[in-house]
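# Chains, contacts and geometry: an overview
The chain contents come next:
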Amino acid sequence: MELAETLDIGGYELSIDPMTPADIPRLHELSVSVSWPHRADDWAMAIGLGHGWVARDQIGRIFGSAMWFPFSQNVASIGMVITSPRLQDQGAGRWLMRRVLDETHGRARVLNATKEAYRLYVSLGFQTLARVAQMNGIVTDCPEYPLGARAMQPADRAQILQLDTDAMGVARPEVMAAVLAVSEGLVIERAGRITGFSLMRHFGRGRVIGPIVAENEADAMALCGPFIAAHRGEFLRVDTREPQGVFFDFLEAAGIVDFDSVQRMSLERLPDPVGAARTFGLVNQALG
């Protein structure tokens, strides 16, 4: 069925329009209205990497958004799906999602669902894969952690990209290039081979550590410890699919606590990871 180009909700006639950088101030207002921490710069990065739609009223106000991000030719991550609180549960989110699903037909679709949007995604056929813990807070301490990480060097880039591809099961070179351009990095190298890495950048209320790719929890701690030690008294965030264990406990002991959670969901089967390394921390919830 063809998607309507306008939607009448509670006296608001909304049009569905392509998202552009000119929308960033209003998108920032929208995300603030639902207590998301994204800065204008975070929206700018998302728009630079993905494709988006907005629900706009006749005087230009934005009441909803939805985006998708291409990973290789076969996978799409869906994110930045927001509707204004006054329009939630009135169909605007489903309307935007139908446009995104139409555009991404033929790809395996994955997303991280907030509690507010979970029922919508279930109704669209998405299946739950795992809980993702949003861990954040002011760093109050730096517990002891294993040593062995060193600063990232430009020559490490190719191995970092390959390690991220293996851990994700899919290549996302544009996402990683954008994140690398604005991040500090640490790597673990053994016998001349990069076996783990972490990146940290400004995001939201402070900084986010992610992605974090490692072969085990000890290496994940080694890749986060120096960042945590360097930012006592500051706000750090890690989005992790490791909801228990020594890595989780290490973050909580540092003051980076289990604040909220989302559900990782997919509409189709996703590619399987390759190799020993796995993703301990996401870039963010939209980008995986």
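In this text the structure is predicted, and so the values were computed from the model without any measurement.

Parameters at a glance
- Residues numbered from 1 in each chain as written.
- Predicted model: local features only at pLDDT ≥ 70, side-chain atom pairs only at ≥ 80, totals over all residues.
- Heavy atoms only, no water.
- Buried < 20%, exposed > 50% of the residue type's maximum accessible area, 1.4 Å probe, protein only.
- Helix = DSSP H or I, 4+ residues; strand = E, 2+ residues; numbered from the N terminus.
- Arc of directions from axis to C-beta.
- Lys, Arg positive; Asp, Glu negative; His and termini not counted.
- Salt bridge = Lys/Arg side-chain N within 4 Å of Asp/Glu carboxyl O.
- Polar contact = N/O pair within 3.5 Å; in protein donor to acceptor, adjacent residues only side chain to side chain.
- Axes fitted to C-alpha atoms, helices over the stretch in contact; angles between N-to-C directions.
- Parallel < 35°, antiparallel > 145°, perpendicular 65-115°, else oblique.
- Left-handed = near helix turned anticlockwise from the far one by under 90°.
- Contact = heavy atoms within 4.5 Å.
- Nonpolar A, V, L, I, M, F, W, Y, C, P; charged D, E, K, R; others polar.
- Core = buried A, V, L, I, M, F, W, Y, C linked by side-chain atoms within 4.5 Å.

## Let's talk about helix α8 (residues 246-253)
Buried residues of α8: Phe 247, Phe 248, Phe 250 and Leu 251, and no others. In a view along the axis of α8, the buried residues occupy a sector of 160°, so they form one face of it. Positive backbone phi, at 100°, marks Gly 255, one or two positions downstream of α8.

## Observations regarding the side chain of Arg 201
As for its position among the elements, Arg 201 is in strand β10 (residues 193-203). Put simply, Arg 201 is tucked away with no salt bridge, and the nearest opposite charge, on Asp 42, sits 5.8 Å away. At a separation of 3.4 Å, a polar atom in the side chain of Arg 201 contacts the main-chain carbonyl oxygen of Gly 210.

## Here we look at the packing of helix α5 (residues 157-168) against helix α6 (residues 173-181)
Helices that pack against each other are described as a pair by the angle of their axes relative to one another and the distance between those axes. Remark: α5 packs on α6, axes separated minimally by 11 Å, with the N-to-C direction vectors making an angle of 130°. Classified by the angle their axes make, α5 and α6 are oblique. When the axes of α5 and α6 are compared, the crossing they make is right-handed. From α5, Arg 157, Ile 160, Leu 161 and Asp 164 reach across to α6, where they touch Met 176, Ala 177 and Leu 180. Class assignment of the residues belonging to the contact of α5 with α6 gives a composition of five nonpolar, no polar and two charged.

## Examining the nonpolar core
Membership of the largest hydrophobic core comes to 38 residues, with the highest contact counts inside it found for Trp 43, Met 67, Phe 69 and Phe 197. Here this core takes five residues from helix α2 (residues 40-49), the largest share from any one element. Excluding anything up to four places from it in sequence, Met 67 contacts Met 19, Trp 43, Ala 46, Ile 47, Gly 50, His 51, Gly 52, Ser 77, Ile 78, Gly 79, Met 80 and Val 100. Core analysis: the next-biggest nonpolar cluster, separate from the first, contains 26 residues, Met 135, Ala 214, Cys 224 and Phe 227 among them.

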